[in-house]
Amino acid sequence: MEIRPLPTAAVADAVVRHNLAVRLGPRELTRAGEGAPIAGRAVPVRHVGSVDVFLEALHRLEADAAGRILVADNDGRLDEACIGDLITLECASAGMAGIVIWGLHRDTAELRRIGLPVFSLGTCPAGPRREDARPADAFERARLGDIDVTVDDVVFADDDGVIVVAAAEVERVIATASEIVATELAQADLARA
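Predicted, not measured: the structure shown is a model, and the values here were computed from it. (Residues numbered from 1 in each chain as written. Predicted model: local features only at pLDDT ≥ 70, side-chain atom pairs only at ≥ 80, totals over all residues. Heavy atoms only, no water.)

1. Focus: the pattern of salt bridges
Tallied over the full model, the rule gives 16 salt bridges. Asp 148 is the partner of Arg 141 in a salt bridge, and the nearest nitrogen-oxygen pair spans 3.2 Å. Salt-bridge contacts for Arg 192 lead to Asp 189; the nearest nitrogen and oxygen are separated by 3.1 Å. One end of the pair, Arg 192, and the other, Asp 189, are both in helix 5 (residues 167-192), 3 residues apart, so they sit about a helical turn from each other. What makes Arg 192 exposed here is its relative accessible area of 64%. A relative accessible area of 47% means that Asp 189 is categorised as partly exposed. Linked through salt bridges whose partners overlap, the residues forming this network are Arg 46, Asp 137, Arg 141, Arg 143 and Asp 148. (Salt bridge = Lys/Arg side-chain N within 4 Å of Asp/Glu carboxyl O. Helix = DSSP H or I, 4+ residues; strand = E, 2+ residues; numbered from the N terminus. Buried < 20%, exposed > 50% of the residue type's maximum accessible area, 1.4 Å probe, protein only.)

Pasting the structure below:
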């Protein structure tokens, strides 16, 4: 199954048409820069103070990182950035589609140069100054505000926000969202004519 990046508005409409739960990331999540929509299988990681957890997540994927989205759960903290240029560069080098952080990022200018889409709650120049105990499920689930994201999810993100769809439902959601996009483009063309 090919996971196509589609506008999150179309994905949300498709989710509603299929009577599925609408699982939205916090509305405060914004992209560090501009770009097209992204989509990919979730790679959930719970941050505990060291970037080593992200490197370990990439190592666990081995050659299966391409096209995936790192979902970094930093518990929505606003006092530290948990991802900066080095982890972003590692993710880009692995072929990942992007990063979504429930927390803050830093090194914004360098992130824009790297070009990998990064969505977060904002920026902070300070990195972590702690190292908490790692939970047993650190690589199985991540929180994005009120929702849990697991390895069985697909993440869609764009300038309108972040929406998460269960991988088991994503094929029909993508088909319906693609139809919605085509219909709306045709309607827009008629309106312009």
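2. Remarks on a nonpolar patch on the surface
A cluster of nonpolar side chains, namely Val 16, Val 22 and Leu 24, defines an oily patch on the protein surface of about 250 Å² accessible area. Turning to its location among the elements, Val 16 is positioned in helix 1 (residues 8-17). (Patch = residues over 30% accessible without salt bridge, like charges linked within 9 Å, V, L, I, M, F, W, Y side chains within 5 Å. Areas by Shrake-Rupley, 256 points an atom, 1.4 Å probe, with all protein chains shown as cover.)

3. Some words on the side chain of Ser 50
In this structure, Ser 50 sits in the loop between strand 3 (38-46) and helix 2 (52-61). Taking relative accessible area as the criterion, Ser 50 reaches 16% and is therefore assigned buried. At 3.1 Å, the side chain of Ser 50 forms a polar contact with the backbone nitrogen of Asp 52. When neighbours within four sequence positions are excluded, Ser 50 is seen to be in contact with Arg 130 and Glu 131. (Polar contact = N/O pair within 3.5 Å; in protein donor to acceptor, adjacent residues only side chain to side chain. Contact = heavy atoms within 4.5 Å.)

4. Quick look at the sheet that holds strand 11 (residues 153-158)
Taken in spatial order, the 8 strands of this open sheet run 1-12-11-3-4-6-8-2, and their pairing is mixed. Either end of the sheet is taken by a strand with one partner, and the two such strands are strand 1 (23-24) and strand 2 (30-31). With 5 bridges joining them, strand 3 and strand 4 (residues 69-73) adopt parallel strand pairing. By the bridge assignment for strand 4, Pro 44 is matched with Val 71. Here helix 2 sits on the sheet in contact with strand 3 and strand 4, set at roughly 120° to strand 3. (Pairing = 2+ DSSP bridges. Axes fitted to C-alpha atoms, helices over the stretch in contact; angles between N-to-C directions.)

Honestly, that's just the spatial picture; any functional story needs more than this.
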